[in-house]
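A structural walkthrough
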Amino acid sequence: MFPFDQSVAWTPRPEDVAETNLARFWTRLGLASYAELQAWALADVGRFWDAALADLGIEFATPYTQILDMSAGIERPVWCVGGRMNVTHNCLDRYAGTATWAQDAIRYEREEGGTERITYAELHARVGAFAAALRAQGIGPGEAVGILMPMTPEIVVAVLGVVRMGGVVLPLFSGYGAEAVRQRLDDGGAVALVTSDGLPRRGRALPLKETADAALADLPGVRLVVVHERMGARLEPPAPMMPGRDVWWRDFVTEGDDTHAHDTAAEDRALLLYTSGTTGAPKGVIHTHAGFPLKAAQDMRHAMDVRPGDVVWWMSDMGWMMGPWLVFGSLLCGATMVLFDGAPDAGADGQDDPGRTWQIAADHGVTLLGLSPSLVRALMPRGTEPVHAHDLSRIRACGSTGSPWDPESWRWLFETVLNSEKPILNYSGGTEISGGIVCGTLVEPVKPCGFPGPVVGMDAEVVGDDGQPVREAVGELVIRQPWIGMARGFHDGPAPGSGERRYHASYWAQRPGVWTHGDFAAVDADGQWFILGRSDDTIKVAGKRLGPAEVEAVLNGNPAVAESAAIGVPDRVKGEAVVALVVLAPHLTATETLRDHLRDTLVSALGKALAPRAVLFTAALPKTRNGKIMRRVARAAYLGEDIGNVVALESESAVEAVRNAE
């Protein structure tokens, strides 16, 4: 049933396992192995998270009296009861007087070249000044501030500055159009926005402030706009400024200081993270000081073995959860984060440079490199020379998230970048999780495209229609106990009570008392996990459930295929049938011979019962702006139906491409 290589690709050496954060953790607890730690964690999740926070060195201004209160039910747990803690204290202040204080917190590279390094001490000063400036403008605790910027040091200062003064950060994807920005700012009740004049992209200066202004045209509640001058004279025409509302960053942030972080409760809101909105209006996911940041750090420290002094570069945007994840996780682990605000295959001159990603990783000494399978698929055709031209020996592991792997791309990264000697830490979870449900580790064997299992502390399972665990069969991914990063619900927006209703309907209604994540997954005979796509994308052929990733992995393994999407369409006999939409590699022409070959490959891998009704060639696939394929939109376009809410769609031309697929 698995269209993946079932052999183990990487196994850790015992002497290396003994040096990991995880091994040190279970040894301190008096346990003998990772399996014992997992069992210990799930026997009492409150006890586990109490130990995990101690392992992270988290400090509370007022200690909590109880780690977990479930008196209101599993759907509404309260963490760190009675505790008071502003997470920026743990990100910055607690390192004062230690070696970390003088260490780089940020290493930043501009697309056009040039770098900047900022130490923990310097970041602390900048964040304090920004928090003080917000307070001076009357922005207070509990108020939401939107962030619409490229990945520069200023975006980190803004995120931490808002949280430090007790506010709520509302990050926005820098590639969104005006309506997507407006919708989120309006729903979140933002009172201020921090943005940039523009952003670089392949040698060009793209306007960003204009997008912000269009979004704010009918949002009088946003009373302050702080504008960072990222592009300056390169931007034509210059960014427009509205007197009385807009202020340049350089004039806004002065020598003021906010020495102490605002006194916040551990469960006070810190982040409002919006999902992509691919199935209806976007949902504002509520996270707290003792929620998202601590789960992000625990994933980094335990699953990915990030240690003080490590250098982490996870290619992301602050509007995708991996942006805040990188900021909070790296700082809470005492590591250095790398920021880059350009295209991953663009040179400093704006021209094509397939080695730029590897150059950045080498120059900044990256130890954990996070990227997406889609980026790997884009770089693979460029060959191995751009990789081998750079010294990547400091990389200890690659992380990956965002979309499913296919075996060929996974193997290319493992063999070409990691020399078949270091692991790929496949990572899957979501905005509502604050990180991962499942992830690779440095203490367990890894199979291509797979996950060794759940992140320690996550009581995840794969279940069938009857709610019972299944093995070697496709089932629903569920979580049976709470975790500290669990969403505290959805923001209500203009309609009181709407957030609670949507939150319950999204995760708790299908199986009362059990979190149903919405992914299909499977566990093989060796206990290796595989994520097979969103369950609302599931194809059910004559009663057999098929995850789209199973089909796509087979197709993407063919060198003629750049990417693909599998959708289920109505079938009078089977209920549903598979239609495969294929984007060919550059310079290749669609032929009937190739179509037949791809169909035969699918039949060979999946069986005749799951043979596709059609293999169609298309010029593009509908995607969100962070690169996730919108199968729901592809299906609607193929069937000629209403495509629904597409505010997150990267390009509407992809919809037309699917409609014209042949």
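Below is a short write-up of the structure. (Residues numbered from 1 in each chain as written. Predicted model: local features only at pLDDT ≥ 70, side-chain atom pairs only at ≥ 80, totals over all residues. Heavy atoms only, no water.)

A few points about the overall build of the protein
Heads up, the condition is: Runs of E in the DSSP output that reach at least two residues are strands. Runs of H or I that reach at least four are helices, and both are numbered from the N terminus. Between the two quantities, the radius of gyration covers C-alpha atoms and the globule rule is 2.2 Å times the number of residues to the power 0.38. Accessible area is worked out with a 1.4 Å probe on protein chains only. A residue is then buried under 20% of its type maximum, exposed over 50%, and partly exposed in between. Values of accessible area rely on a 1.4 Å probe in the Shrake-Rupley scheme; residue burial ignores everything except the protein chains shown. The charge count includes Lys and Arg as positive and Asp and Glu as negative, but it does not include His or the ends of the chains. One atom stands in for each charge, and that atom is NZ of Lys, CZ of Arg, CG of Asp or CD of Glu.
Secondary structure summary: the protein contains 21 helices and 28 strands in total. The C-alpha radius of gyration of the protein comes to 24 Å, within 12% of the 26 Å expected for a compact globule of 662 residues. If one aligns the C-alpha atoms of the protein with their principal axes, the spans along those axes are about 70 × 65 × 55 Å. Scored against the burial criterion, the 662 residues of the protein give a buried share of 62%. Accessible area of the protein: about 23,500 Å², with a carbon and sulfur share of 50%. Measuring between centres, the 60 positive side-chain charges of the protein sit 3 Å from its 82 negative side-chain charges.

As for the side chain of His491
Test applied: Pairs of N or O atoms are called polar contacts if they sit within 3.5 Å, as long as, within protein, a hydrogen donor faces a hydrogen acceptor (for residues adjacent in sequence, only side-chain-to-side-chain pairs).
Here His491 shows up in the loop between β21 (475–479) and α17 (498–507). One polar contact links the side chain of His491 to the main-chain carbonyl oxygen of Asp187, over a distance of 3.0 Å.

Here we look at the nonpolar core
To be explicit about the condition: Here, nonpolar core means buried Ala, Val, Leu, Ile, Met, Phe, Trp, Tyr and Cys residues that are tied together by side-chain atoms lying within 4.5 Å of each other. In what follows, a contact means two residues having at least one pair of non-hydrogen atoms within 4.5 Å.
If you look at the biggest cluster of nonpolar residues, it comprises 125 residues, and the most contacted ones within it are Leu123, Met304 and Trp325. For Met304, the contacting residues outside a window of four places in its chain are Asp299, Trp314, Trp325, Leu368, Leu425, Tyr427, Cys439 and Leu442.

Describing the sheet that holds strand β4 (residues 115–119)
Note: strands within a sheet are paired through backbone hydrogen bonds, in either parallel or antiparallel orientation. Where we set the bar: Whether two strands pair comes down to DSSP finding at least two bridges between them. Simply put, an axis is a line fit to the C-alpha atoms, just over the touching stretch for a helix, and the angle between two N-to-C directions goes from 0 to 180 degrees.
Here 8 strands make up an open sheet; going across it, the order is β4-β3-β15-β14-β16-β17-β18-β19 and the pairing mixed. At either margin of the open sheet sits one strand with a lone partner, and together these are β4 and β19 (435–439). Sheet twist, expressed as the average angle between the axes of neighbouring strands with direction ignored, equals 25°. For strand β3 (residues 104–109) and strand β15 (residues 336–340), the ladder comprises 4 bridges, and the chain directions are parallel. Directly across from Tyr108, in β15, lies its bridge partner Leu339.

With respect to the sheet that holds strand β27 (residues 575–584)
Here 3 strands make up an open sheet; going across it, the order is β26-β27-β28 and the pairing mixed. Unpaired on one side and paired on the other, β26 (561–571) and β28 (614–617) mark the two borders of the sheet. Each adjacent strand pair in this sheet contributes to an overall mean axis angle of 25°, direction not counted. Along the sheet, helix α18 (residues 548–556) makes contact with β26 and β27, crossing β26 at roughly 140°.

Thoughts on the pairing of β21
Judged by how many residues are buried, β21 sits mostly within the fold: 5 of 5 residues are covered. Note that strand β20 (residues 460–463) and β21 share 4 bridges and pair antiparallel. In the strand pairing of β21, Glu461 is matched with Val478. Direction of pairing for β21 relative to strand β22 (residues 515–523): antiparallel, over a ladder of 4 bridges. Across the sheet, Val478 pairs through a bridge with Thr516, a residue of β22.

A few points about the packing of aromatic side chains
Note the cut-off: Working definition: rings of Phe, Tyr and Trp (its six-membered ring) pair if their centres are within 6.5 Å, and the pair is stacked with planes under 30 degrees apart, edge-to-face with planes over 60 apart, and tilted otherwise.
Under the counting rule described, the total for this entry stands at 22 aromatic pairs. Centre to centre, the rings of Trp358 and Trp412 are 6.5 Å apart; their planes meet at 50°, and the pair counts as tilted. A residue pair is termed long-range when its members are at least 10 positions apart, and Trp358 in helix α13 (residues 356–363) and Trp412 in helix α16 (residues 407–417) qualify at 54 residues. Taken as a pair, Trp358 and Trp412 share a single burial class, namely buried. Taking the centre distance of 5.3 Å and the plane angle of 75° together, the rings of Phe490 and Tyr503 count as edge-to-face.

Some words on the environment of Ala144
Mapped onto the fold, Ala144 is located in strand β5 (residues 144–148). For the pair Ala144 and Asp268, spaced 124 residues apart in sequence, the C-alpha separation works out to 13 Å. Not counting chain neighbours up to four residues away, the residues in contact with Ala144 comprise Val168, Gly188, Gly189, Ala190, Val191 and Ala192.

Side note on the pattern of salt bridges
What counts is decided by this rule: The salt bridge definition used is simple: a Lys or Arg side-chain nitrogen within 4 Å of an Asp or Glu carboxyl oxygen.
This model, assessed by the stated rule, comprises 44 salt bridges. Between Asp299 and Lys295 there is a salt bridge, and its shortest N-O distance comes to 2.8 Å. Here the residue Asp299 and the residue Lys295 both occupy positions in helix α11 (residues 292–303), the gap between them amounting to 4 residues, near one helical turn. The exposure classification of Asp299 matches that of Lys295, with both residues buried.

Brief notes about the side chain of Lys623
Examined against the element boundaries, Lys623 turns out to sit in the loop between β28 and α20 (631–639). Exposure remark for Lys623: the relative accessible area of 17% places this residue in the buried category. Within the structure, Lys623 has its side chain in polar contact with the side chain of Glu563 (distance 2.8 Å).

Some words on the pairing of strand β8 (residues 198–201)
Bridge analysis of β8 against strand β9 (residues 204–207) gives 4 bridges, and the strand direction is antiparallel. In the sheet register, Gly198 faces β9, and the bridge partner there is Pro207. Hairpin connection from β8 to β9: 2 residues lie between these consecutive antiparallel strands, with Arg202 at a positive phi of about 55°.

Some details on the environment of His289
On the secondary structure map, His289 appears in the loop between β13 (284–288) and α11. Residues His289 and Gln468, 179 residues apart in the sequence, show an inter-C-alpha distance of 35 Å. Of note is the side chain of His289, whose polar atom sits 3.1 Å from the backbone nitrogen of Val87.

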